[in-house]
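Residues per chain, in single letters:
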Amino acid sequence: MISDAHRHLGVLPAYPFYGGPPVHPDVTARATLDELVADLDAEGTERALVIPNYGVPDPAIAFGFNELCVEASQKDDRIRAGLWVSAKAADAERTAQALELAGEPGVRALKLSFLLGGTVHDSRPGLDLIFSAAREHDLTVHVHTSPGAASDVDEITNLVEWYGDTTRLHLVHFGGGMSGHIKLLSGRFFDWVTAGKQVYTDLSWAIGFAPRWLAAEIERRGVGHDRILFASDEPWGDFAGEYARLRAVTGDGELGTHVFTSTFDTLYG
């Protein structure tokens, strides 16, 4: 059974990224539950955590997909919903509205990203509110990571230190690139696990060496096998590629069972 711990729902408007013409790079974005379910059926995906699509620098669009994701989770028991939230002061009213949905059936996560602005250190009041809501409703906080800028692992480390004792954190993309992978794999990730931090991760977007090294370190250290999830990040990721890469290093044994099924149950089931 395959459980996908990170994919998106909602179609974004065309946008002139990086000074170019308006484009739709997320060509497999889905607007409806029926389209999403057809994809799950084609892939063989049994369950999925579905999060509002984002990327266009207008947070109102991502917030606008929250109810769509909640509705999808309530109409199809294969789907769990993540709610888009923001720690930015400018987004406080919209985040408060989003958190009103946190107790709805089917909601399992709060999605936090600094790609649309803000930083960890200038957003502490908003972060306290989000993590408090996650604890109240027993939700996982789903956090984007990337190499450099406001989502760099060095910044996101603060969230693990501040909140990881009492709240589950899913660190998306395992650092998102070379520097992030090495920072986490050289010890930081395993130090958190052994210290009792409730930290989890997926390897969507990971550079090829990272899944191999992670599997080897889990075997060597004897910890971390129950902290890794499979995630496609569709439509920004590629299901077939992400699945093949992770299956190749996890196999069909205990590690593979955790990655593709059991750990999803722990966080989102």
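Refer to the structure above for everything that follows.
Starting afresh in each chain, residues are numbered from 1 along the sequence in its written order. Confidence filtering applies because this is a predicted model: local features only for residues at pLDDT of at least 70, side-chain atom pairs given and counted only at 80 or more, and all residues used for totals across whole chains, interfaces and linings. Computation of side-chain values: all heavy atoms of the structure, hydrogens and water removed.

Undergrad: Any chance you could explain the sheet that holds strand S5 (residues 140–144) here in plain terms?
TA: Paired through backbone hydrogen bonds, the strands of a sheet run either parallel or antiparallel to each other. If you trace the 8 strands from one edge of the open sheet to the other, you get S1-S2-S3-S4-S5-S6-S7-S8, paired in parallel fashion. On the outer flanks of this sheet lie strand S1 (2–9) and strand S8 (228–229), each paired with one strand and no other. What makes two strands pair is DSSP finding at least two bridges between them. Numbering of helices and strands runs from the N terminus; a helix is a DSSP stretch of H or I covering at least four residues, while a strand is a stretch of E covering at least two. In the sheet, strand S2 (residues 45–52) pairs with strand S3 (residues 79–84) via 3 bridges, with the strands oriented parallel. Each residue of the ladder has a partner; that of Ala 48, found in S3, is Ile 79. Lying on the sheet, helix H9 (residues 239–250) is in contact with S1, S2 and S8; it crosses S1 at an angle near 150°. Contact criterion: two residues are considered in contact whenever any of their non-hydrogen atoms come within 4.5 Å of each other. Lines fitted to the C-alpha atoms define the axes, with helices restricted to the stretch that makes contact. Angles between their N-to-C directions range from 0 to 180 degrees.

Undergrad: Whenever I open this one, helix H5 (residues 124–137) confuses me. Can you help?
TA: The periodicity of an α-helix, 3.6 residues per turn, causes residues three or four positions apart to be oriented the same way. One less than the residue count of a helix, multiplied by 1.5 Å, gives the span that helix is expected to have. Spanning 14 residues, H5 covers 20 Å between terminal C-alpha atoms, matching the ideal 20 Å at 1.5 Å per step. Relative accessible area decides the class of each residue, using a 1.4 Å probe on protein chains only: under 20% of the type maximum gives buried, over 50% gives exposed, and in between gives partly exposed. All of the buried residues along H5 are Gly 126, Leu 127, Ile 130, Phe 131, Ala 133 and Ala 134. End-on, the buried residues of H5 take up no more than an arc of 155°, which puts them together on one face. In H5, the exposed positions that point more than 90 degrees away from the buried face belong to Pro 125 and Glu 136. The secondary structure elements touched by the buried residues of H5 are helix H4 (92–99), strand S4 (107–112), S5, helix H6 (153–163) and strand S6 (169–172). Phi for Asp 138, located one or two positions after H5, is positive at around 55°. Taking the helix axis as origin, the arc is that swept by the directions to the C-beta atoms.

Undergrad: What am I meant to see in the layout of surface pockets here?
TA: Where empty space is left can be seen by rolling a probe of water-molecule size over the atoms. Cavity means a closed set of points on a 1 Å grid over the protein atoms alone, one where a 1.4 Å probe fits but cannot get out, pocket means an open set with protein on both sides within 12 Å along at least 5 of 7 lines, and lining means a residue has an atom within 4 Å of a point. Grid points are joined across faces, edges and corners, and a volume is the space filled by probe spheres set on the points. Reported here for the largest pocket is a volume of approximately 400 Å³. Lining the largest pocket are 16 residues, and of these Phe 17, Tyr 18, Gly 55, Leu 115 and Trp 236 sit closest to its centre. The residue inventory of the lining of the largest pocket, partitioned by class, reads 10 nonpolar, 5 polar and 1 charged. Here the term charged refers only to Asp, Glu, Lys and Arg, the term nonpolar to Ala, Val, Leu, Ile, Met, Phe, Trp, Tyr, Cys and Pro, and the term polar to all other amino acids, Gly among them.

Undergrad: Can you help me understand the packing of H9 against helix H10 (residues 254–268) in this one?
TA: For the pair H9 and H10, the least separation of the axes is 8 Å and the interaxial angle reads 150°. For the element pair H9 / H10, the angle class is roughly antiparallel. Contacts from Tyr 243, Leu 246, Arg 247, Val 249 and Thr 250 in H9 reach Leu 255, Gly 256, Val 259 and Phe 260 in H10. Any angle that is under 35 degrees is reported as roughly parallel, and any over 145 degrees as roughly antiparallel; angles of 65 to 115 degrees are reported as roughly perpendicular and all others as oblique.

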